[in-house]
Amino acid sequence: MSVSCSSEFFSHPDKLLVDHLTSVANMSSMELLDKPMEAIYGYSIEELATLIEFCGFCHDMGKSTRYFQRYLFAPQHEKARLKTMPETHHGLLSAIITFYCVNQYYNDEFLAYISFLVVKRHHGNFRNVIDESKISEKEIEVLKTQVNSIDKSIFDEMVSVLHSRGFKGDLSANNLPYWMATFPDDMRKCRRFLRSIGKEQDIMPYMLINFLFSILIDADKCDAVFSRNIDRLCVDMNESIVDAYKSTFLSSKTKIDILREEAYREIVNTDIDLAEKIYSINLPTGLGKTLSSFAFALKLRQKVAEEKGYVPRVIYSLPFLSIIEQNGREYEKVLKVGRIPTNTNVLLKHHHLTDISYDDGESEFDTHEAKFLIEGWNGEIIVTTFVQFFHTLMTNRNSALRKFHKISGSIILLDEIQSIPTKYWGLMEELFKTLAYEFECYIVFITATDPYIIGRDECISLTDSKKYFTNKNLDRVVLKPLLRRDMCLEEFIGSIEFEEDKSYLFVLNTISCAKQFYELLKEEVDSSEVAFLSTHVIPKERLSRIEAMKEKKYRFAVTTQLVEAGVDIDYDVVYRDFAPLDSINQTAGRCNREGESKGEVYIVSLRDENRRYASYIYDSVLLDITRNLLMNRDNIAEEDFLTLIEEYYGHVKNRKSYDESIKLLDAVYQVKYTSLDGSPCIADFRLIDDDVPRIDVFVEFDDHAEELWEMYMGLKEIDNPIERKVKFDSFKADFYQYIISVPATVENFPVLNEGFGYINRAGKSDYYNPVTGYICEDTVLIW
């Protein structure tokens, strides 16, 4: 194998290695020094900035080998073969160099090891930290071969240049053979203290590793994509822009309007003590929590900037896609009225259906660049899903962790916080407190049913909740439990007496139940007046129907739970299949929101031939608590909701098992990202439980879908996998508007084509109903 004739090493075909290492080191240390924390886990921010600088300078030194340099400049047809050669890989060699440079400088085994870890995995996902310290004889032989292939004079010249640019490591090519020989013994010593970490039951080693890793990989990818740092936009905005937006509404004086304004003023006029980090907005549905929380966040942002000298990002996270776009549009309207640019570098939306385009008002970004900027949360206001947010905090995945450091120093608005599964409350409590008190975050919980994941004595309430929940003017809804007997769907529809001047919403627990009830309802009312919603309807059509429901174009609606939290629809009468009380309360928020009359919410207990539908999807303990609270009540006024929900959560905290949180926290304390023996690990975390294997299905629903599928099939003509991925990203958001996820076990499954189930227009009627969505028989389908 011939050595490259170049007298310098390259990191990328168009970039010198020495320049890439310098750039990543500088970007990493600058990013860390820009954070508002003074210290993390007992290390000053200056110490950690030097540590991440070491990581930046060393992270790609393994690219100095003759093997990597040959791979870099090989013809395309040779690259695939060379890439699989272990001698071409650079992560482990770079990590070992980092380990010794850091250990010599700090004489700190912990810092040396975590620097080794973040560099080793900077192109991959984390594994169990103890397993990472184990090295095989085969790996040692490969390392020796790699070291022997390095041109010593070029390497030492590179190190000399790096020293002139701030590198503090005691390093030369002559160090490398000795380090490779002693590394296994040094790792055995490290394993002793690694095993002791879990016994301390401290979350901070895990958080610090993720934080440093996030900064390094973000800087590394940023230099590879842009060859420069991405500066934040300085945007001056405060709560006055929300006031200006509210002034554009037609002024009205309904009872709800008066209460909404009173709540808004109470929140916005709160005196802020920056030492207090965790807040709560607990208000009945329809009282303007979205705008009130945004105004408070902007006021807090300005106060932090003035008194602490840094400008926090605002991260607004919600559980459901159905309300992401709705509330994101509200934010956009506020910014426009305040004459704040709504470019992506100001207001950034991130979820799996996000349009891959990025606009900063000046430059043009191709799809690859836009994807990098969006997934790295390069914006001032981030609107994202719970899945994106919480799977950034609890993950071993490189792609998810890249934005971890953007959370530090931010203002986090968590809307519909009650949607977090109870089994994770203990885990979330520790994560929230760590973000608040170790990473300088401010957290605001927003809900109509506050579960008090954080104790009331540790959380500042921004409203007098009781004043609003018990207000006599807030008499919009009466809850009517009908739980003394279970009903089948035929009995249920036969028990309803429809009134001509009223609208009706039916919220059911499974897709199968919703479909069956829709067919029964069509026999009783005009089918053109009935909307149907479930996740088996393509997203494009689903969002269109929700908009039509908001505009009151459907007198009847049959839906699963996807509308129960935050969707601004309004019906006179709501029927809800039995569910935990927090879900019932959220569903009640879709009834008579403006208080124009007296809304009625009926709670019924529906079953199929085997069991109650509720039992298919909800925790039995939560259902039992709810049934005991509601069973002997005939009518529950809205003013009693707060007392009832507080009683419910009191029982939940006493009876619910926190075993899952305990297991995951133990994995976090041990920094056990993955597990080889099946024991709980960080990678096990799933915010949304779904044990059913699923396959994505593309539905060729209309002309645009047909065009998109042709574009997708055309990707096969692009040989370069990176170019192929970039091309797909350019239309991926539109493509996924026609994707539904269905159980892999259904009998009526379309042909698989290039990774997706494919329903073409000609055969659509066999697989997809234009109203109720995917056709699958004899299966109990949930959500």
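What this report covers is the structure whose coordinates are included nearby. Note that the structure is a prediction, hence the values are computed from the model and not measured.

**Thoughts on the overall build of the chain**
Across its full length, the chain holds 32 helices and 24 strands. Against the globule reference of 28 Å for 783 residues, the chain gives a C-alpha radius of gyration of 28 Å, in line with a compact fold. Principal-axis analysis of the C-alpha atoms places the extent of the chain at approximately 90 × 65 × 50 Å. Counting the 783 residues in the chain, one finds 59% classified as buried. In the chain, once contacts between residues fewer than 6 apart in sequence are set aside, the share between residues at least 24 apart is 78%.

**Side note on the pairing of strand S15 (residues 556–559)**
Neither face of S15 is open: one carries Phe-556 and Val-558, the other Ala-557 and Thr-559, and all of them are buried. Taken together, the four bridges between strand S13 (residues 504–507) and S15 define a ladder with parallel strand orientation. The residue of S15 that forms the bridge with Val-507 is Thr-559. In this sheet, S15 lies alongside strand S14 (residues 530–533) in parallel orientation, the contact comprising four bridges. Each residue of the ladder has a partner; that of Ala-531, found in S15, is Ala-557. As a crossover connection, the stretch from S14 through helix H24 (residues 539–550) into S15 is right-handed.

**Concerning the nonpolar core**
The nonpolar side chains of a soluble globular protein tend to be buried, and buried together. Core analysis: the biggest nonpolar cluster contains 217 residues, and Phe-390 and Phe-432 have the highest contact counts within it. Counting residues in each nonpolar core, the second largest holds 54 residues, with Met-487, Phe-517, Val-530 and Trp-709 among its members.

**Description of unusual backbone geometry**
Backbone geometry at Trp-377 places phi at a positive 55°, although glycine is not the residue there. Residue position: Trp-377 is located in the loop between helix H16 (367–375) and strand S8 (381–385). On the basis of relative accessible area, Trp-377 is assigned to the buried category, the value being 0%. Positive phi, normally seen in glycine, also occurs at Glu-440, with a value near 55°. Along the polypeptide, Glu-440 turns up in the loop between helix H20 (425–438) and strand S10 (442–447).

**Considerations on the packing of aromatic side chains**
Tallying each qualifying case throughout the model produces 62 aromatic pairs. With 6.5 Å between their ring centres and 85° between their planes, Phe-99 and Phe-116 make a pair best called edge-to-face. Of this pair, Phe-99 sits in helix H5 (residues 91–106) while Phe-116 is found in helix H6 (residues 109–120), placing the two residues 17 residues apart along the sequence. The exposure class of Phe-116 is buried, given its relative accessible area of 0%. Members of the aromatic cluster, connected to one another through ring pairs, are Phe-698, Trp-709, Tyr-712, Phe-728, Phe-731, Phe-735, Tyr-736, Tyr-738, Phe-756 and Tyr-758.

**Focus on the pattern of salt bridges**
Considering all chains together, one arrives at 57 salt bridges under this definition. Among the ionic pairs, Glu-440 bridges to Lys-308, the shortest N-O distance being 3.0 Å. Taken as a pair, Glu-440 in the loop between H20 and S10 and Lys-308 in helix H14 (residues 289–308) lie far apart in primary sequence, 132 residues in all. A relative accessible area of 17% means that Glu-440 is categorised as buried.

Cut-offs and rules
Residues numbered from 1 in each chain as written. Predicted model: local features only at pLDDT ≥ 70, side-chain atom pairs only at ≥ 80, totals over all residues. Heavy atoms only, no water. Helix = DSSP H or I, 4+ residues; strand = E, 2+ residues; numbered from the N terminus. Rg over C-alpha atoms; globule rule 2.2 N^0.38 Å. Buried < 20%, exposed > 50% of the residue type's maximum accessible area, 1.4 Å probe, protein only. Contact = heavy atoms within 4.5 Å. Pairing = 2+ DSSP bridges. Right-handed = clockwise from strand over helix to strand, strands pointing away. Core = buried A, V, L, I, M, F, W, Y, C linked by side-chain atoms within 4.5 Å. Phe/Tyr/Trp six-rings, centres within 6.5 Å; stacked < 30°, edge-to-face > 60°. Salt bridge = Lys/Arg side-chain N within 4 Å of Asp/Glu carboxyl O.

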